[in-house]
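Okay, here's what each chain looks like letter by letter:
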Amino acid sequence: VAWPAPERLLATLTGLDGKPITGKDEGDAEDIARLGGALLMSFERRHRILAYATDETKVRAISPPPGLDKAPVNGGIEALTQLPGGRLLAILEAATAVSGGASSGTSLAWI
């Protein structure tokens, strides 16, 4: 495996305005997945998915899946992965956000 230079492994997350994301409410990043030519990152508290161009020049928002706005503050998208055909799977952390709650063992997921 050819690893990138250490300075390429760490970077400050920036928001849509290009400024560094700071604080727990804005910066509660949960997972990262590669999709096409971008790295997608999910965030809790202020639920969203941001797409970072691999050349680090652009950040854009991905349209949130329906119902994400009803997720608990600390129970947003916990897992992201690319599926065959360029689709994205996003899994909600909090089973309490769905009918039946945690006792059902069910959590929302979107493709």
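Criteria and thresholds
- Residues numbered from 1 in each chain as written.
- Predicted model: local features only at pLDDT ≥ 70, side-chain atom pairs only at ≥ 80, totals over all residues.
- Heavy atoms only, no water.
- Helix = DSSP H or I, 4+ residues; strand = E, 2+ residues; numbered from the N terminus.
- Polar contact = N/O pair within 3.5 Å; in protein donor to acceptor, adjacent residues only side chain to side chain.
- Contact = heavy atoms within 4.5 Å.
- Salt bridge = Lys/Arg side-chain N within 4 Å of Asp/Glu carboxyl O.
- Buried < 20%, exposed > 50% of the residue type's maximum accessible area, 1.4 Å probe, protein only.

Asker: How should I be thinking about the side chain of glutamate 44 in this particular structure?
Answerer: Locating glutamate 44 in the fold gives a position in the loop between strand S2 (38-43) and strand S3 (48-53). Within the structure, the side chain of glutamate 44 is placed 3.0 Å from the backbone nitrogen of glycine 76, a separation counted as a polar contact. Once you skip the residues sitting within four places of it in the chain, glutamate 44 turns out to touch Asp25, Asp28, Glu30, Val73, Asn74, Gly75, Gly76, Glu78 and Glu93.

Asker: How should the pattern of salt bridges be read in this particular structure?
Answerer: A pair can form between side chains of opposite charge whenever their charged atoms are brought close. Across all of its chains, the model carries 4 salt bridges by this definition. The closest approach of N and O atoms between aspartate 28 and lysine 24, which form a salt bridge, is 3.7 Å. In this structure aspartate 28 comes out as buried when scored by relative accessible area, which is 6%. With its nearest N and O atoms 3.7 Å apart, the salt bridge here joins arginine 48 to glutamate 26. Placement of arginine 48 in strand S3 and of glutamate 26 in helix H1 (residues 24-27) is noted, with a sequence separation of 22 residues between them. Among the residues examined, glutamate 26 registers a relative accessible area of 30% and is labelled partly exposed. Ionic contacts of the salt-bridge type, sharing partners, join the residues Lys24, Asp28 and Arg45 into one network.

Asker: Teacher, can you tell me more about the environment of leucine 92 here?
Answerer: Tracing the sequence through the fold places leucine 92 in strand S6 (residues 87-92). Residue classification places leucine 92 among the buried residues on the basis of a relative accessible area of 3%. For the pair formed by leucine 92 and glutamate 78, sequence separation is 14 residues and the distance between their alpha carbons is 5.6 Å.

Honestly, that's just the spatial picture; any functional story needs more than this.
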